[in-house]
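# Structural overview for review
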Amino acid sequence: MINPQSDSGSGRPLRSDLTAKWCLVVLISVVLVGPSTCAAKTRHFRWEVEYKYWSPDCVEGVVMSINGQFPGPTIKAVVGDTISVELTNKLSTEGVVVHWHGIRQLGTPWADGTASISQCPINPGETFTYRFKVDKAGTYFYHGHYGMQRSAGLYGSLIVQAGEGEKEPFRYDGEFNLLLSDWWHKSSREQELGLSSVPFRWIGEPQSLLINGRGQYNCSLAARYGNSTSTAQCKLTGAEQCAPFVLPVLPNKTYRLRLASSTALASLNLAIGGHKMVVVEADGNYVQPFTVDDLDIYSGESYSVLLTTDQDPRQNYWIAIGVRGRQPNTSQALTILNYRPNSVSKLPASPPPTTPLWNDYNHSKSFSTKILALAGSPRPPPAHDRRIFLLNTQSKFNGQTKWSINNISLSLPPTPYLGAIKYNLHGAFEGTSPPESFPADYDVMHPPANPNSTVGSGVYTLGLNSTVDIILQNANTLTANNSEIHPWHLHGHDFWVLGYGEGKFTAEDGDKRLNLKNPPLRNTAVIFPYGWTALRFVADNPGAWAFHCHIEPHLHMGMGVALAVGVDAVGKMKIPGEAFACGLTAKMVAADNGGHS
Ligand SMILES: O=C1O[C@H]([C@@H](O)CO)C(O)=C1O
């Protein structure tokens, strides 16, 4: 039926840096002559982004590849390393950027890879070098952050291992990386066009879900169980681009599964037939371990789970991923947990685990509220300096369908915010700050009385080292009795998730319902339909940062805000001029001899 698929995604540095060799020499001398410190490595990569014909789900389409690979190469690094990616844009007619999701970019806001915010898109034929430190062990990923390029397949894994002598709070015998995504047969260009068209054309549900870039559209790995009548059993040799990424395991071992979701739209649920999982990491932060049968993972989130292979070793088992939170129209993605030495072709004894009902939000909430910080993790400051309320609504502007925050739909300016702030360029974006809250009488349970919003490019300016609370408030969409899930992702910082609640956030919720004792640190948190989510973070990383819904079409429709942190510090920062070779900053850096002020 299927053959194992080797991990084609390992990111081999193209050339190693002198510091790496030097580090090795030091390491040897440490063994011989005693303790010393080892210089962290610089890991160099040279990448080319280009379109390529590919069959992610056994149907040929076009993907954005990196060095001819889809998904892009996996970057493996160690805490303290510097990553240097020389990225050449080989797309013939469009710009590109790559965002390093979950990496805080401490001191390097220009390397965050967000078009219009941290840099100009890299022009066709040009090369831009991202250079940043990975300062915290964990499971991360990278992806395009310009238009709908994530939906076009521009993504890959980024794994940061704990440093030499740094202990992780759990043990395992082996690890696998599962990067989860969703896939459309319609091109991302057409998706983009539909989103801005009047009348609006929604992208619809994905045709397939992918595990490490692999899914099956026309056939099912599990058709033999008879529960999917119309789909044929897949006949794959294992060499196909759509052959599943199989996980070979030995009995009675513990494996770390690193899960990350780079979906453009889908909220996912993952389950492994017959096995439980212990959740130990979320978004690059350790959590109090807890055991689950299945877990929800929203776009922009990552988890590590421990899986012990303690079931009947004569069997193989299903790994199944299905859609949550939207009426599903997409088959589960499946692959095999292959207990060696069983043949990989041996079908599991039972059908794949069923995904919980798409709208069983109690199931989702019970999972989200179990996620708590591991004892000893950094705790939030006890009080906030500022509390910003962000109302999420679907809206209309000039006939277009939009998403708005406090009735403003984000319109990204041609000059990157970071450059505009650094050089104090007036007119690069709207000078007035967006509202801190929304009218107290706004009815979150019904469609907006007046659906018309404005578009804007204003920023929230946050004082350096101030403690900021953000209360994300969900509401009804333009359709009666409908409210959707939105996973919000913050750049440049992690936040504490202080709590989730139903309906409109009240002063009493603020006093009584927030967890200040052991809230988890994360970079992405969901708002449930008709609910609120309270976040706290310390704005300690100077830069211009996006905070947005990680559903890519929603961001494209304006569902985000821009934050400016530590404006004075940004003014003094050294930033490569190439980041700003567009808009008003282009003139500025030209006059400023390359921008190294
Ligand atoms: O942004 C969206 O638009 C559609 C729908 O609301 C209108 O077609 C949908 O499901 C979204 O998430």
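For the structure itself, look to the data block above.
Every value quoted in this text rests on a predicted model; they were computed, and no experiment measured them.

### Examining the sheet that holds strand β10 (residues 174-183)
One open sheet holds the six strands; their spatial order is β11-β10-β15-β20-β17-β18, and the pairing between them is mixed. Where the open sheet ends on each side, the last strands, each with one partner, are β11 (208-211) and β18 (285-292). Across the sheet, the axes of successive neighbouring strands diverge by a mean angle of 25°, strand direction being ignored. In this structure, strand β17 (residues 277-282) lies alongside strand β20 (residues 302-308), joined through four bridges in antiparallel fashion. In the sheet register, V279 faces β20, and the bridge partner there is V305.

### Comments concerning the site of the ligand
Near the ligand the following residues occur: F200, W202, R326, Q394, W403, E484, H554 and M557. Between W403 and the ligand, the recorded distance is 2.9 Å, taken from a side-chain N or O atom to an oxygen atom. H554 places a polar side-chain atom, nitrogen or oxygen, 2.8 Å from an oxygen atom of the ligand. Relative to its unbound accessible surface of 310 Å², the ligand loses 78% to contact with the protein. When its residues are assigned to classes, the shell around the ligand shows four nonpolar, two polar and two charged.

### So, the sheet that holds strand β9 (residues 155-161)
Taken in spatial order, the four strands make up an open sheet running β4-β9-β8-β6, and their pairing is mixed. Only two strands of the sheet have a single neighbouring strand rather than two, namely β4 (75-78) and β6 (98-101). This sheet shows a mean twist of 20° between the axes of neighbouring strands, independent of strand direction.

### Some points on unusual backbone geometry
If a residue is not glycine, its phi is most likely negative; likewise, a peptide bond is most likely trans. The step from V198 to P199 runs through a cis peptide bond, and the omega angle for that step is -5°. Inspection of the secondary structure assignment puts P199 in the loop between α2 (188-196) and β11. In this structure, P341 follows R340 across a cis peptide bond, with omega equal to 10°. One non-glycine residue, N67, lies in positive phi territory at about 50°. Relative to the helices and strands, N67 resides in the loop between β3 (61-66) and β4. When its relative accessible area of 34% is taken as the criterion, N67 is described as partly exposed.

### Side note on the state of the cysteines
Across all of its chains, the model carries three disulfides by this definition. The disulfide partner of C120 is C582, and the S-S distance across this bridge is 2.0 Å. Negative torsions about the S-S bond denote left-handed disulfides, and the value of about -90° found for C120 with C582 makes this one left-handed. Separated by 462 residues along the polypeptide, C120 in the loop between β6 and β7 (127-133) and C582 in the loop between α7 (567-572) and α8 (583-591) bring together distant segments of the chain. The same class applies to C120 and to C582, which are both buried. Between C219 and C234 runs a disulfide, and the two sulfur atoms are separated by 2.0 Å. Across the S-S bond of C219 and C234 the torsion is about 95°, and the bridge reads as right-handed. Residue C219 is located in strand β12 (residues 219-220), and its partner C234 is located in the loop between β13 (232-233) and β14 (247-249); the two are separated by 15 residues in the primary sequence.

### Quick word on the packing of aromatic side chains
Overall, the coordinates contain 25 aromatic pairs when judged by the stated rule. For the ring pair F176 and Y255, a centre distance of 5.7 Å and an interplane angle of 35° mean the geometry is tilted. Placement of F176 in strand β10 and of Y255 in strand β15 (residues 254-261) is noted, with a sequence separation of 79 residues between them. Relative accessible area serves as the criterion here: at 13%, F176 is assigned to the buried category. A centroid spacing of 5.7 Å and a plane angle of 65° characterise the contact between Y303 and F367, whose relative ring orientation is edge-to-face. Note that Y303 is positioned in strand β20 and F367 in helix α3 (residues 361-368), a separation of 64 residues in sequence. Put simply, the rings of F45, W47, W100, W110, F128, Y130, F132 and Y142 touch in pairs and so form one group of aromatic residues. In this structure, K422 is placed above the aromatic ring of Y423, and the distance from its NZ or CZ to the ring centre is 5.4 Å.

### Considerations on the pairing of β17
The element β17 is largely enclosed, with a buried count of five among its six residues. Where β17 meets β18, five bridges bridge the pair, whose relative direction is antiparallel. Paired with E281 across the bridge in β18 is Y286. Between the end of β17 and the start of β18, which pair antiparallel, lie two residues, with D283 showing a positive phi angle near 55°.

### Some remarks on a nonpolar patch on the surface
Taken together, the side chains of Y51, Y53 and V62 present a nonpolar region at the surface, about 320 Å² in accessible area. The class of Y53 is exposed, set by a relative accessible area of 63%.

### Observations concerning the environment of S220
Mapped onto the secondary structure, S220 falls in strand β12. Taking relative accessible area as the criterion, S220 reaches 15% and is therefore assigned buried.

### Here we look at the nonpolar core
Counting 50 residues, the largest nonpolar core has W47, V85, L87, W100 and Y130 as the members making the most contacts within it. Ranked by the residues each element gives to this core, the list is headed by helix α4 (residues 417-422), at four residues. Filtering out sequence-adjacent residues up to four positions away, Y130 remains in contact with I83, S84, V85, L87, V97, V98, W100, W110, A111, G113, Q119 and I122. One finds I405, A525, F547 and C549 within the second-largest nonpolar core, a separate group that totals 39 residues.

What counts as what
Residues numbered from 1 in each chain as written. Predicted model: local features only at pLDDT ≥ 70, side-chain atom pairs only at ≥ 80, totals over all residues. Heavy atoms only, no water. Pairing = 2+ DSSP bridges. Helix = DSSP H or I, 4+ residues; strand = E, 2+ residues; numbered from the N terminus. Axes fitted to C-alpha atoms, helices over the stretch in contact; angles between N-to-C directions. Near = heavy atom within 4 Å. Polar contact = N/O pair within 3.5 Å; in protein donor to acceptor, adjacent residues only side chain to side chain. Areas by Shrake-Rupley, 256 points an atom, 1.4 Å probe, with all protein chains shown as cover. Nonpolar A, V, L, I, M, F, W, Y, C, P; charged D, E, K, R; others polar. Buried < 20%, exposed > 50% of the residue type's maximum accessible area, 1.4 Å probe, protein only. Disulfide = S-S within 2.5 Å. Phe/Tyr/Trp six-rings, centres within 6.5 Å; stacked < 30°, edge-to-face > 60°. Lys NZ or Arg CZ within 6 Å of the ring centre and 35° of its normal. Patch = residues over 30% accessible without salt bridge, like charges linked within 9 Å, V, L, I, M, F, W, Y side chains within 5 Å. Salt bridge = Lys/Arg side-chain N within 4 Å of Asp/Glu carboxyl O. Core = buried A, V, L, I, M, F, W, Y, C linked by side-chain atoms within 4.5 Å. Contact = heavy atoms within 4.5 Å.

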